[in-house]
Amino acid sequence: MSEENTNQPVKEVDPQFVNDIELVADVANHLARNNLDFKQVIASMLAARQLYGMCLFELDWLCHYTDFSKIYDDQATVAAEAMTAQQQVMFKEVLISAAAMQAQQPFDEKVLFDGMTNTVFPWMQTIVAKHSAWQNAEKEKLNEKE
């Protein structure tokens, strides 16, 4: 085991910074527990992050089960060969980056709400049912092996 270099000065933490962090954390915890408006905002941010995770899982699923050599209907179009693992990573990054760029654009909250209600929630119902069925099948496979 090597000795640590004791010649380097230890950086002191600014006491004001520590006080500021403690104050901010205390206020955040208090409002998150006791203020309905903050609770709703935080719950919505949590749901948005979880929805994003669900979308990433579904994107991985789609990439795994998509035969990229058969994506074009037009016979004259050269069919894509099966994508390599590296190309699939690049493909997903292109889609994620495009979505991130679009999300940075100004938007109408009414359009967002309508999109969530008419598109996202019905899609989520389908995906939750699909993922649940897949997870149950995987559990059954494990139980059979045991």
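In this convention, every chain numbers its residues from 1, walking through the sequence in written order. Totals for whole chains, interfaces and linings use every residue, but because this is a predicted model, local features are given only for residues with pLDDT of at least 70 and side-chain atom pairs only at 80 or more, for both listing and counting. Just so you know, side-chain values use all the structure's heavy atoms and leave hydrogens and water out.

J.: Please clarify how the side chain of Glu 58 should be interpreted in this entry.
T.: We count a stretch as a helix when DSSP gives it H or I for four or more residues in a row; a strand needs E for two or more, and each element gets its number in order from the N terminus. Mapped onto the secondary structure, Glu 58 falls in helix α2 (residues 36–65). Burial status follows relative accessibility: with a 1.4 Å probe on protein chains alone, a residue under 20% of its type maximum counts as buried, one over 50% as exposed, and anything between as partly exposed. Residue classification places Glu 58 among the buried positions, given a relative accessible area of 4%. Those residues in contact with Glu 58 that lie beyond four places of it in its chain are Trp 123, Ile 127, Lys 130 and His 131. In what follows, residue pairs with any heavy atoms lying within 4.5 Å of each other are defined as contacts.

J.: Even after reading the chapter, I still don't get α2, so can you show me in this structure?
T.: Note on helix geometry: an α-helix contains 3.6 residues per turn, so any two residues three or four positions apart are oriented the same way. An ideal rise of 1.5 Å per residue puts 44 Å on 30 residues; α2 measures up with 43 Å between its terminal C-alpha atoms. Looking at α2, one finds that the buried residues are Leu 51, Met 54, Glu 58, Leu 59, Trp 61 and Cys 63. Here a polar contact is taken to be a pair of N or O atoms separated by no more than 3.5 Å, where protein atoms must pair a possible hydrogen donor with a possible acceptor and residues adjacent in sequence count only if both atoms sit in side chains. Two or three places before Asp 37, at the start of α2, stands the capping residue Asn 35, its side-chain oxygen 3.0 Å from that residue's backbone nitrogen. What a helix is expected to span follows from its residue count: subtract one and scale by 1.5 Å.

J.: In this structure, what is going on with the packing of aromatic side chains? I would like to understand it.
T.: Centre distance and the angle of the planes are the two values used to describe a pair of aromatic rings. Paired rings are identified among Phe, Tyr and Trp, the last through its six-membered ring, by centres lying within 6.5 Å, and are further divided according to the angle between planes into stacked (under 30 degrees), edge-to-face (over 60) and tilted (the rest). This model, assessed by the stated rule, comprises five aromatic pairs. On the numbers, 5.3 Å between centres and 80 degrees between planes, the contact of Trp 61 with Trp 134 is edge-to-face. Of this pair, Trp 61 sits in helix α2 while Trp 134 sits in helix α4 (residues 109–145); the two residues are 73 residues apart in sequence, bridging distant segments of the chain. The class of Trp 134 is partly exposed, set by a relative accessible area of 32%. Through successive ring pairs, a cluster of aromatic residues spans Phe 57, Trp 61, Tyr 65 and Trp 134.

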